[in-house]
Amino acid sequence: MRSEGASDTSRVLVFSTVYPNGVQPHHGIFVQQRVASYPEDMEVRAVAPQAWFPGTAGLRPGFRPALPRAERLPGDAAEVLHPRFLSLPAIGKCLDGAFLALGVLPALIRLRRDFPFDVIDAHFGYPEGPAAVLLGRLFRVPVVLTLRGLEHRLTDYRLRRPQLAFAVRQADRVVAVSEDLRALALGLGAAPERVRTIPNGVDSTLFQPRERAAARRSLGLPEAGTYLLTVGSLSERKGAHLVLEALARLTPQFPDLRYLLVGGAGAEGNEGEVLRRQAEELGVAGRVVFAGPRRREELPDWYNAADLFVLPSSLEGCPNVVVEALASGTPVVATPAGGIPQLLGDPETGVILSRRDGEAVAAGIAAALARSWDRSRVSARTSARNWHVVGREHAEEIRAAIAMRRPSAATVDDASDIERQVEVLL
């Protein structure tokens, strides 16, 4: 980073409730990876608020772990702030945007004294979207909002849909990680000239084709056999239960077929025990490896050990696991959720399922196993699009937002004036 105070330095406030922390090092790592790839003329500070409600920790252990108010993480140049905000359950979730803005406001007032940010770089349409727009108005800075995949589901909520529409209409720039999310933003009223599709990138130095037998040996797996792989949180949305059903259907045809399931609890819950019971009931428990969550540095061996990566997800943005599997040379079988059709645009990289059920998943896997795949061609599909490319493209949107909102001499932007505005508002 260039030194603070350099005239050509842009100060970027990254704002996301989904961001790595000391307890959950992979939580939202795709946000951190993109931010880490911004050009050197951008100075970055991250604020990763934590939702809070009395008693939640006891009801769902590990769901919202206690975090320090600030911590220094590997890969970040400065401390990450974790202010808390009240998050009511059930219908009260419609207030998350307002409570998020109020909850982080004191921390941002303090931060702005030492870090007079020029722009808010917000990730996820809700609750970050409306909160970021409100904060942007208060601090008189532009907002760049990234839509990442769950926004489609939010449109089904009567009280949250208008807040999402408000966010995409009022943000200075909107970045969508897939074309279907861009279409969603336009459908909610965002101006087309302010919306750009920027898919996620990949660490091509880490995720690349390796010798399959060596990868299996390093994981302690038998070198012989055919392996399916899914990486992700153990939630219903990811579709591991459909892969288990497909495995049971395919065993007579592929007697050496095995399933590697890498992942654990996530924000949407933990279906691990449900999946284990299902495997027992289907008679395939001996063919399934429940590997649990794994460090990012371990994932290349899992991708390379597999013959196919399978993701029958119901909802996605631009899934990093698909990008990483392809970069590793492993063909993918997946539903056409989110940006997956763009990632599998070349039929030589995988199979897109016709529908989301066990029968279709089994048919897709069988079709993929019947083919011979060129791993170098599979890898070439995504490996050239590394995080530095993505960081450069997103930096263009940040600069455009700042240029659109050049502060005038009358702009109120120092901490004391902001505090006076807050006193009036409250």
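Please refer to the structure higher up on the page.
Here's what I pulled together on the structure shown here. This structure is a prediction, so every number in the text was calculated from the model and none was measured.

## Comments concerning the sheet that holds strand β8 (residues 143-147)
So, point 1. Taking strand neighbours across the sheet as the criterion, the eight strands line up as β4-β5-β2-β1-β7-β8-β9-β10 in an open arrangement whose pairing is mixed. With one partner strand each, in any of the chains shown, β4 (70-71) and β10 (195-197) form the two edges of the open sheet.
So, point 2. Note that β4 and strand β5 (residues 80-81) share two bridges and pair antiparallel. Counted as the bridge partner of E71 is V80 from β5.
So, point 3. On top of the sheet, helix α3 (residues 96-114) reaches β1 (10-15), β2 (42-47) and β5; it is set at about 150 degrees to β1, its chief contact.

## Looking at the nonpolar core
So, point 1. F15, I120, L135, F139, L229, Y303 and F309 are the most contacted members of the largest nonpolar core, which totals 74 residues.
So, point 2. In terms of residue count, the dominant contributor to this core is α3 (seven residues).
So, point 3. Look past the residues within four positions of L135 in its chain and what remains in contact with it is F15, A101, V104, L105, L108 and I120.
So, point 4. Counting residues in each nonpolar core, the second largest holds 28 residues, with L247, V284, A362 and W373 among its members.

## Some details on the sheet that holds strand β11 (residues 226-231)
So, point 1. Ordered by their spatial adjacency, six strands build an open sheet running β13-β12-β11-β14-β15-β16, and the pairing between neighbours is parallel. Whereas interior strands pair on both sides, the edge strands pair on one side only; in this sheet they are β13 (288-292) and β16 (350-352). If you compare each strand with its neighbour and ignore which way they point, the axes differ by 20 degrees on average.
So, point 2. Here β11 pairs with strand β12 (residues 257-262) via six bridges, running parallel. Within the sheet, the bridge partner assigned to T230 lies in β12 and is L261.
So, point 3. Where helix α14 (residues 358-369) meets the sheet, it contacts β11, β12, β14 (308-311), β15 (332-334) and β16, and its direction lies at approximately 160 degrees from that of β14.

## Structural notes on α14
So, point 1. For α14, which comprises 12 residues, the first-to-last C-alpha distance of 16 Å matches the rise-based estimate of 16 Å (1.5 Å per residue) to within 8%.
So, point 2. Of all the positions in α14, only G358, A360, V361, A362, G364, I365, A366 and A368 are classed as buried.
So, point 3. Where α14 is buried, its residues meet β11, α9 (240-250), β14, β15 and β16.
So, point 4. Capping of α14 at its N-terminal end is provided by D357; its side-chain oxygen lies 3.2 Å from the backbone amide nitrogen of E359.

## Observations regarding the environment of D172
So, point 1. Residue placement: D172 occurs in the loop between α6 (161-170) and β9 (173-176).
So, point 2. Residue D172 is classed as buried on the basis of its relative accessible area, which comes to 7%.
So, point 3. As for D172 and R405, which are separated by 233 residues in sequence, their C-alpha atoms are 8.5 Å apart.
So, point 4. Of note is the side chain of D172, whose polar atom sits 2.9 Å from the backbone nitrogen of V143.

About the thresholds
Residues numbered from 1 in each chain as written. Predicted model: local features only at pLDDT ≥ 70, side-chain atom pairs only at ≥ 80, totals over all residues. Heavy atoms only, no water. Pairing = 2+ DSSP bridges. Helix = DSSP H or I, 4+ residues; strand = E, 2+ residues; numbered from the N terminus. Contact = heavy atoms within 4.5 Å. Axes fitted to C-alpha atoms, helices over the stretch in contact; angles between N-to-C directions. Core = buried A, V, L, I, M, F, W, Y, C linked by side-chain atoms within 4.5 Å. Buried < 20%, exposed > 50% of the residue type's maximum accessible area, 1.4 Å probe, protein only. Expected span 1.5 Å × (residues − 1). Polar contact = N/O pair within 3.5 Å; in protein donor to acceptor, adjacent residues only side chain to side chain.

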